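Given next are the chains, with one letter for each unit.
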Amino acid sequence: MMDFNSAIDLGPHATFIIISYLGVALVSFGLILGTILNSKHQKKRLADLEAKGIRRKSDK
Amino acid sequence: MKKYSPPKNINKSQTVKEMNWFDKLAHPGQFLKWSKYLILPLSLITIALFGIGLWFAFFNSPEDYQMGDTVRIMYIHVPNAWLSQFVYMAMAVSAIGTLVWRHPMADVSMKVAAPLGAAFTALALFTGSLWGRPTWGTYWEWDGRMTATLILLFMYLGLVALWRSFDDQLRAAKLIAVLTLVGAINIPIIKFSVDWWNTLHQPSIISAEGLSMPASIYTPLLVMMLAFTFLFVTLHLVGMRTEILKRKADALIRKSVSQTGNKGVGK
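An account of the accompanying structure is given in this report. Here the structure is a predicted model, which means the values were calculated and not measured. (Residues numbered from 1 in each chain as written. Chains lettered and ligands numbered in written order. Predicted model: local features only at pLDDT ≥ 70, side-chain atom pairs only at ≥ 80, totals over all residues. Heavy atoms only, no water.)

**So, the overall build of chain A**
Within chain A, the secondary structure is distributed over 2 helices and 0 strands. A total of 60 residues make up chain A; the buried ones form 30% of that total. As displayed, chain A offers around 4300 Å² of accessible surface, 65% of which is attributable to carbon and sulfur atoms. (Helix = DSSP H or I, 4+ residues; strand = E, 2+ residues; numbered from the N terminus. Buried < 20%, exposed > 50% of the residue type's maximum accessible area, 1.4 Å probe, protein only. Areas by Shrake-Rupley, 256 points an atom, 1.4 Å probe, with all protein chains shown as cover.)

**Looking at unusual backbone geometry**
Residues and elements named next belong to chain B. The phi dihedral of Arg102 is positive, around 50 degrees, even though this residue is not glycine. Mapped onto the elements, Arg102 comes out in the loop between helix H3 (71-101) and helix H4 (106-136). In this structure Arg102 comes out as partly exposed when scored by relative accessible area, which is 48%.

**Looking at the packing of H3(B) against helix H8 (residues 215-260) of chain B**
All names here are of chain B. Between H3 and H8, the shortest axis-to-axis distance is 9 Å and the interhelical angle comes to 40 degrees. Relative to H8, H3 is oriented oblique. For the pair H3 and H8, the crossing hand works out as right-handed. Contacts between H3 and H8 involve Val71, Met74, Tyr75, Ile76, Val78, Pro79, Asn80, Trp82, Leu83, Phe86 and Val87 on the former and, on the latter, Ser216, Ile217, Pro220, Leu221, Met224, Met225, Phe228, Thr229 and Phe232. Split by residue class, the contact of H3 with H8 holds 17 nonpolar, 3 polar and no charged. (Axes fitted to C-alpha atoms, helices over the stretch in contact; angles between N-to-C directions. Parallel < 35°, antiparallel > 145°, perpendicular 65-115°, else oblique. Left-handed = near helix turned anticlockwise from the far one by under 90°. Contact = heavy atoms within 4.5 Å. Nonpolar A, V, L, I, M, F, W, Y, C, P; charged D, E, K, R; others polar.)

**Focus on the environment of B:Asp23**
Mapping B:Asp23 onto the fold places it in helix H1 (residues 21-26). The spacing of B:Asp23 and B:Pro104 is 81 residues in sequence and 9.7 Å in space, taken between C-alpha atoms.

**Section: the nonpolar core**
Ranked by internal contacts, the top residues of the largest apolar core, which has 61 residues, are B:Met74, B:Tyr75, B:Val87, B:Tyr88, B:Met91, B:Phe120 and B:Phe228. Elements that contribute at least two residues to this core include exactly helix H2 (14-51) of chain A together with helix H2 (28-59), H3, H4, helix H5 (144-165), helix H6 (169-183), helix H7 (186-196) and H8 of chain B. The element best represented in this core is H3(B), accounting for 12 residues. Ignoring sequence-local partners within four residues, the contact set of B:Tyr75 consists of A:Tyr21, B:Ala57, B:Ser61, B:Ser216, B:Ile217, B:Pro220, B:Leu221, B:Met224 and B:Phe228. Listed in part, the 17 residues of the second largest apolar core include A:Leu46, A:Leu49, B:Leu42 and B:Ala249. (Core = buried A, V, L, I, M, F, W, Y, C linked by side-chain atoms within 4.5 Å.)

**As for the pattern of salt bridges**
What the rule picks out here adds up to 7 salt bridges over all chains. With a shortest N-O distance of 3.1 Å, A:Asp48 and A:Lys44 are connected by a salt bridge. With a gap of 4 residues between them, A:Asp48 and A:Lys44 both fall in helix H2, about one helical turn apart. Note that B:Asp107 is salt-bridged to B:Arg247, the shortest N-O span being 3.0 Å. (Salt bridge = Lys/Arg side-chain N within 4 Å of Asp/Glu carboxyl O.)

**Remarks on the environment of B:Leu252**
Mapped onto the secondary structure, B:Leu252 falls in helix H8. In this structure B:Leu252 touches A:Leu46, A:Leu49, A:Ile54, A:Arg55 and A:Arg56, once residues within four positions along its chain are discounted.

**Observations regarding the interface of chain A and chain B**
Taken together, the contacts link 33 residues of chain A with 39 residues of chain B. Each partner contributes to the roughly 3200 Å² buried at the junction of chain A and chain B, and carbon and sulfur atoms together form 77% of this total. Applying the counting criterion to the chain A and chain B interface returns 1 salt bridge. Note that B:Asp250 and A:Arg45 form a salt bridge whose closest N and O atoms lie 2.7 Å from each other. Inspection of the chain A/chain B interface yields 2 residue pairs in polar contact (both at pLDDT 80 or more). Broken down by element, the residue count for the side of chain A that touches chain B peaks at 19 residues, all from H2(A). Among the residues making up the side of chain A that touches chain B, the classes are represented as 15 nonpolar, 9 polar and 9 charged. (Buried area = accessible area lost by both parts, 1.4 Å probe. Polar contact = N/O pair within 3.5 Å; in protein donor to acceptor, adjacent residues only side chain to side chain.)

Quick look at the structure:
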């Protein structure tokens, strides 16, 4: 059975636990955001090139 | 500007229908086609695994009889430590693909994996340090496991820097593949360091004899390991797709510049 009280009370070293999880969350979200933004940037570059009529023969 | 030429092992006269499964896997255009169907399922599996893993970690697992609640740091430390080595081994396999088979996707895989591996290694050191202070009384100890992992982080950062310093990505891939394989010697050193030398670090929790912990603790650990592994696989896949698009755009810009002399194209 879930015990929220004991789960929320992280004991005398709660700060170490919370900072660990926050650090991992921050870097993980950073990786995800960076990957998404980079993907969007490259797709936009290709779309811009295509709009200017620059494309590969096989794409025509 | 980075030079990019088509993979040498792809026969240009060969049609897609004539390709076997391996050629289809290797062909960047085909990779873009089939891999797009994997992104959503992989993302959903990753989110679900993190949800389940975090629920277990905070609401459905006991504190350790020795370490107390700090055992919960293990649920993020061990997965990152596992990935720090797994990603490097994936890069080493890709390096073999680059050097032996000149697999067109192998250098793309190597390049995209390096910054991810660096991030997971940094997180393993960060969480390990925060776990070490309350359990060992110190943030850092220059023992075999921690020192070898720090060296691994520097190796990742060096490889990322090398990729960025080369204009010609195909030449870079060959050099970096050799360096990656040489650096792979560090992985067994990290793995067995706790057996070879005296250390504060506990022995491997997963061994040939099985898991050295009760089910209530290894269940959240295994779920979180799966969650982080799926996170890596998803980010790696999307990153590879992006790198292919980048090389495609770079090639188009080079072609346009060589034809028109317009250096402002695509900037």
